[in-house]
Amino acid sequence: MSFNLLKGKRGIIFGALDENSIAWKTAETVHAEGGTFVLTNAPIAMRMGKIDELAKKTGATIVPADATSEEDLDNLVAKSMEILGGKIDFVLHAIGMSVNVRKGRSYTDQKYDFTAKGWDVSALSFHKVLQSLYKADAMNEWGSIVALTYMAAQRTFPDYNDMADNKAYLESIARSFGYFFGKEKKVRVNTISQSPTPTTAGQGVKGFNSFINYAEKMSPLGNATAQDCAEYTVTLFSDYTKKVTMQNLFHDGGFSTTGVSQEVVDNFSE
Ligand code: NAI
């Protein structure tokens, strides 16, 4: 299935680690839709992941950047315009990491150095990416910038830990920066609030397997997969969504507005 929706468009895709990554599926789908892009990830992830394989099959160039480093981001933006031969039309921010989660610290027992690091990587990095693009005047008019988020920003999921706060901050940045990017540059900024998805970051959350099954049963359309998310992202990069901006867009098979489903109720029948 390909409609050439992104023919002639150039972009930057953050966060492809392996074939399960949402960014990996997005890169493949953007490529199928005619877009060209630079792939980027933290230098350490380059060594652990398989990004070379993805670059080869999508004809992309890799430019490493730690998304917490302003210097790395400025270099990434400049190099991307050089490599792609012009300004940028689309950007995907698909970055998340909680040190507290990794180290098994619960929400009520945070180590604040860990909290600050996780916030920098998962939330503030989005502002840094936007500011770097904005200051370099790197985005074409009617360009589109998307970051990925989760519903724990609005509702409490105890094991999501400090990532819930990071996602709330991330979503707020999309609204705040979206105003300036819209006014000054006619660029849209949105977040997609995605179903639980079995990726490296997703599976780091305690009890992930039970939770993804629960979400599946609670969602009238079932969980949105990584591939579904890639396809939705492509629509937001395309010219068919030009006036959608500063939104948090739920992409979750209906989970966020379902009170309870019959399958879940049936589990509680006497
Ligand atoms: P993933 O583990 O494949 O991707 C996370 C990426 O963040 C990795 O590529 C990692 O290298 C990158 N990253 C970490 N620190 C970085 C840094 N300092 N600089 C640059 N990149 C860095 O997992 P996934 O699930 O594809 O994550 C992508 C986004 O989707 C994240 O924002 C995540 O929170 C979000 N999301 C994931 C859901 C899930 O259940 N998997 C649900 C809703 C949102």
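Just so you know, these numbers come straight off a predicted model, no measurement behind them. (Residues numbered from 1 in each chain as written. Predicted model: local features only at pLDDT ≥ 70, side-chain atom pairs only at ≥ 80, totals over all residues. Heavy atoms only, no water.)

### A few points about the UniProt feature "binding site: NAD(+)" (unreviewed entry) in the protein
Step number 1: Residues given the UniProt feature "binding site: NAD(+)" (unreviewed entry) here are G15, S21, I22, I95 and K167. Those annotated residues that line the largest pocket are G15, S21, I22, I95 and K167.
Step number 2: Secondary-structure assignment places G15 in the loop between strand 1 (10–14) and helix 1 (22–32).
Step number 3: Apart from residues no more than four positions distant in its own chain, G15 is found in contact with S21, A23, T40, N41 and A94.
Step number 4: With respect to the helices, strands and loops of the structure, I22 is situated in helix 1.
Step number 5: Once residues lying within four places of it in the same chain are set aside, the contact partners of I22 are L148, Q194, T197, T199, A226 and C229. (UniProt positions renumbered as here; feature names shortened; annotations may be inferred. 1 Å grid on protein atoms, 1.4 Å probe; cavity = no way out; pocket = protein on both sides within 12 Å on 5 of 7 lines; lining within 4 Å. Helix = DSSP H or I, 4+ residues; strand = E, 2+ residues; numbered from the N terminus. Contact = heavy atoms within 4.5 Å.)

### Focus on the sheet that holds strand 4 (residues 88–93)
Step number 1: One open sheet accounts for 7 strands, arranged 3-2-1-4-5-6-7; its pairing is parallel. The sheet is open, and its two edges are formed by strand 3 (61–62) and strand 7 (248–251), each paired on a single side.
Step number 2: Judged from the 4 bridges that link them, strand 6 (residues 188–194) and strand 7 form a sheet pairing that is parallel. Directly across from Q194, in strand 7, lies its bridge partner H251.
Step number 3: Against the sheet, helix 4 (residues 70–84) engages strand 1, strand 2 (36–40), strand 3 and strand 4, with an angle of about 150 degrees to strand 2.
Step number 4: The strands touched by helix 6 (residues 112–135) within the sheet are strand 1, strand 4, strand 5 (139–149) and strand 6, with strand 4 carrying the most contacts at an inclination of about 170 degrees. (Pairing = 2+ DSSP bridges. Axes fitted to C-alpha atoms, helices over the stretch in contact; angles between N-to-C directions.)

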